[in-house]
Amino acid sequence: MAEIYLLTLGLQIVIAPCLYLLGYSMLGHLNLVCVLAYVLALRLHRHLWVALALGVKLSAFLLLLICCALVLGSGSSVVYCLLFAEVELMLSDLRRRTKLLWTAGLTALALSLIGLPSLNASPEGLQEHLLANILLVAVFAMLCAVILRMLTITDRHEYRYRRDAMHDSLTLVLNRRAIFEKASSYWRQQTPFAMILVDADHFKEINDNFGHTAGDAVLHHLAGVLSDALRGEDDVGRVGGEEFLLLLPETGIAEAVTVAERIRVRLARRPCQFSGQLMPVTLSMGIACADEGGHLQSIIELADRRLYAAKSAGRNQVVSEGHVESASSRNAGRLSRGVQDALESEGL
């Protein structure tokens, strides 16, 4: 939008002397007012007053168009300029309802402008003038509809692209890269958080005994149980085959343990079913907090060591203390690389 503001500002600066040379002094003065309004709109936009900036710019532009129509005695010659305002409106970050209201207003203005009688029109040419205006309205409405439809399709594809780029296709929770980027964002902003590394116990046996389709159903069910147990500000992501990472902002060890135990209880009460058969599965979890290490990678590795300790102690357990100096598991390197990739993507 800032580039559009600069483009239109440059265009208005070029048009201003042309209006004076053609003898339209009043329109030239109004054009200079538009230039000042565009400069103001650009400054407002850079300060993130997006709606106000667009309102200032469009108001000045529409005022100039109305005056041009009045001076020329016909709005047919300037009505197409409203299409530029429509495109600019649709490219903005305003809400869809606001865009539709503005579009209705521009359409009404177009109808008003082309309804102005031409000063040079003879009585015999009024019928032809009316027919031309009807065709002009039809073209304007059609172009507005096409622009609106194109931008709707673009927004829909952009939403799907962002959703697919950030979410795991099977479980619909955040994917590995997205959850690590979330963790790196908390770390960069120095937001206190706890993380829970979750692993499904004996998951390979489910795949071997019942097939991968049953395993996929179990993973989908686990993702639902994890998501339902969290607050709105918490996040869950899939970081491995049967491994999930939970991020709990503004949460300490004791609260994270409570969440982990709640997940275990809910899963026991709501076991997965596949083709009418129960697929009971338990979870091992390792918990670590942001204040337990000097680097984000070290926090991830600590949670992984505690998860490994939970599995070594018999599985279906939560470990939240100790194991600071324990040997890292074979999985720690993969998790650490995932965090490093997320940090590099943010330029850190």
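The coordinates are above.
This part is about a nonpolar patch on the surface. The grouping of L22, Y24, M26 and V71 at the surface amounts to a nonpolar patch, some 380 Å² of accessible area in total. Relative to the helices and strands, V71 is located in helix α3 (residues 50-72).

What you see with strand β2 (residues 235-238) is no split at all: D235 and G237 on one side and V236 and R238 on the other are buried throughout. By the bridge criterion, four bridges tie β2 to strand β3 (residues 243-249) in an arrangement that is antiparallel. Considered in β3, the bridge of V236 is made with L246. The antiparallel pairing of β2 with β3 creates a hairpin that spans four residues between the two strands.

Attention shifts here to helix α8 (residues 203-210). Within α8, the full set of buried residues consists of F203, I206 and N207. Looking straight down α8, one finds its buried side chains confined to an arc of 95°; they lie on one side. In α8, the exposed residues that point more than 90 degrees away from the buried face are K204, D208 and N209. Taken together, the buried residues of α8 touch β1 (193-200), α9 (212-228) and β5 (277-279).

Quick look at the packing of α8 against α9 now. Interaxial distance between α8 and α9 falls to 6 Å at its minimum, and their mutual angle equals 140°. Taken as axis vectors, α8 and α9 run oblique relative to one another. Contacts between α8 and α9 involve F203, I206, N207 and F210 from the former and H212, A214, G215, V218 and L219 from the latter. Classifying every residue of the contact of α8 with α9 by side-chain character gives six nonpolar, three polar and no charged.

Rules behind the numbers
Residues numbered from 1 in each chain as written. Predicted model: local features only at pLDDT ≥ 70, side-chain atom pairs only at ≥ 80, totals over all residues. Heavy atoms only, no water. Patch = residues over 30% accessible without salt bridge, like charges linked within 9 Å, V, L, I, M, F, W, Y side chains within 5 Å. Areas by Shrake-Rupley, 256 points an atom, 1.4 Å probe, with all protein chains shown as cover. Salt bridge = Lys/Arg side-chain N within 4 Å of Asp/Glu carboxyl O. Helix = DSSP H or I, 4+ residues; strand = E, 2+ residues; numbered from the N terminus. Buried < 20%, exposed > 50% of the residue type's maximum accessible area, 1.4 Å probe, protein only. Pairing = 2+ DSSP bridges. Arc of directions from axis to C-beta. Contact = heavy atoms within 4.5 Å. Axes fitted to C-alpha atoms, helices over the stretch in contact; angles between N-to-C directions. Parallel < 35°, antiparallel > 145°, perpendicular 65-115°, else oblique. Nonpolar A, V, L, I, M, F, W, Y, C, P; charged D, E, K, R; others polar.

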